[in-house]
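Residue-level structure breakdown
Take a look at the letters that make up each chain.
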Amino acid sequence: GVAVLSVYGLGEEGPEKLDSRLFARMPESGMASLLNDVVDQVLRARRAQEFREVVVLCDGKGTIWDAAAARPVLSDAIWILDFFHAAENLMKAATAIFGDTAEAKRWHRQQREKLQLDERGVDHAIRSMCRYRRLMPADCKERKVVRNAIQYFRDNRARMQYAQFIALGLPIGSGPVESAAKNLVQARLKRSGMRWSHQGGQHVLDLRAYLKSDRWEPMWSSLTSVA
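My aim in this report is to walk through the structure given alongside it, one point at a time. Since this is a predicted model, take the numbers as computed values, not measurements. (Residues numbered from 1 in each chain as written. Predicted model: local features only at pLDDT ≥ 70, side-chain atom pairs only at ≥ 80, totals over all residues. Heavy atoms only, no water.)

1. Structural notes on the nonpolar core
- Counting residues in hydrophobic clusters, the biggest one holds 47 residues, and the most contacted among them are L115, M129, F153, M160 and Y162.
- Excluding its chain neighbours within four sequence positions, the residues that come into contact with Y162 are I80, L81, D82, F83, A86, L115, Q116 and I172.
- Counting residues in each nonpolar core, the second largest holds 10 residues, with L184, L189, L205 and A209 among its members. (Core = buried A, V, L, I, M, F, W, Y, C linked by side-chain atoms within 4.5 Å. Buried < 20%, exposed > 50% of the residue type's maximum accessible area, 1.4 Å probe, protein only. Contact = heavy atoms within 4.5 Å.)

2. Considering helix 9 (residues 198-212)
- Its 15 residues place the ends of helix 9 21 Å apart at the C-alpha level, agreeing with the 21 Å of an ideal helix rising 1.5 Å per residue.
- All of the buried residues along helix 9 are G201, Q202, V204, L205, R208 and A209. Looking straight down helix 9, one finds that the buried residues subtend no more than 160 degrees of arc, so they occupy a single side.
- Those residues of helix 9 that are buried lie in contact with strand 2 (14-24) and helix 8 (175-189). (Helix = DSSP H or I, 4+ residues; strand = E, 2+ residues; numbered from the N terminus. Expected span 1.5 Å × (residues − 1). Arc of directions from axis to C-beta.)

3. Section: the side chain of S213
- You can see S213 is positioned in the loop between helix 9 and helix 10 (216-226).
- Accessibility expressed as a relative area gives 5% for S213, which makes it buried.
- A polar atom in the side chain of S213 sits 2.7 Å from the backbone oxygen of A209.
- Sequence-distant contacts of S213, defined by excluding residues within four places in its chain, comprise S20, R21 and L22. (Polar contact = N/O pair within 3.5 Å; in protein donor to acceptor, adjacent residues only side chain to side chain.)

4. Some remarks on the side chain of D59
- Structurally, D59 is set in the loop between strand 3 (55-58) and helix 2 (62-69).
- For D59, a relative accessible area of 17% corresponds to the buried category.
- The residues contacting D59, other than those within four sequence positions of it, are I64, W65, L81, D82 and H85.

5. Observations concerning the packing of helix 3 (residues 83-98) against helix 6 (residues 141-155)
- Between helix 3 and helix 6, the least distance of the axes is 8 Å, while the angle of their chain directions is 155 degrees. Taken together, the axes of helix 3 and helix 6 are roughly antiparallel relative to one another. The handedness of the crossing between helix 3 and helix 6 comes out as left-handed. Packed against helix 3, whose contacting residues are H85, A86, N89, L90, K92, A93, A96 and I97, the element helix 6 presents E142, V145, V146, A149, Y152 and F153 at the interface.
- Of the residues belonging to the contact of helix 3 with helix 6, the class tally is 10 nonpolar, 2 polar and 2 charged. (Axes fitted to C-alpha atoms, helices over the stretch in contact; angles between N-to-C directions. Parallel < 35°, antiparallel > 145°, perpendicular 65-115°, else oblique. Left-handed = near helix turned anticlockwise from the far one by under 90°. Nonpolar A, V, L, I, M, F, W, Y, C, P; charged D, E, K, R; others polar.)

6. Comments concerning helix 2
- Along helix 2, the residues classified as buried are W65, A67 and A68. Looking down the long axis of helix 2, one finds its buried residues gathered within 165 degrees of arc, a one-sided arrangement. Exposed residues on helix 2 whose side chains face more than 90 degrees from its buried face are T63 and D66.
- For helix 2, the secondary structure elements touched by its buried residues are helix 1 (32-48), strand 3 and strand 4 (78-81).

7. Things to note about the layout of surface pockets
- For the largest pocket, the calculated volume is near 1,300 Å³.
- V4, L5, V55, V56 and L57 are, among the 42 residues lining the largest pocket, the residues nearest its centre.
- If you list the elements that add at least two residues to the lining of the largest pocket, you get strand 1 (2-11), helix 1, strand 3, helix 2 and helix 8.
- Per-element accounting of the lining of the largest pocket gives the leading share, 9 residues, to strand 1.
- Class assignment for the residues of the lining of the largest pocket results in 27 nonpolar, 9 polar and 6 charged. (1 Å grid on protein atoms, 1.4 Å probe; cavity = no way out; pocket = protein on both sides within 12 Å on 5 of 7 lines; lining within 4 Å. Points joined across faces, edges and corners; volume = space filled by probe spheres on them.)

8. Quick word on the environment of K61
- Topologically, K61 is positioned in the loop between strand 3 and helix 2.
- The spacing of K61 and L81 is 20 residues in sequence and 9.7 Å in space, taken between C-alpha atoms.

In structure tokens form, the structure reads like this:
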């Protein structure tokens, strides 16, 4: 499990990242330790300064949303579904409806732009998918793909108000988390032939989290002063 806690300011071209803390945990049930790390840092940050908004941004896995929603410190956060996961599901629907064609790419591009810039973009996408779904044979597998995409959009409707989020100067993509998963975990722990114990892997992740968060020197200074 990987998480990133970032502080943003308003730059000339949108949200500007000012600082980040990276967290990683070996496989665990319910991401309890990972969320504990994040919540602890959110509390520390809020004690240090005021923030206009607190945002929880992740993909559409229900288990992640449920685990985060159970933490009181995040109860007043704005919940955002990663835009690129939304666009990916939209592409699945486009391919199911039109096949691997230029028409699929055109429809996807049109709906993607509406989803990002139109306040009713989610409703437009759902209506369009429903219209095409009704024209598809009842027993074809592509119809099921479109049905799943429609349900995904309905389940996440409140988290997909991207035009409003952008107007508020909020990030809508979880790219930093994807990057952290690659640089923090995969580049070190998933090399050919590697095997890790739970404890040993966690020690490495803890050290890399300090390194990749640009906090190695403060951590080392603190450690040596205690020793």
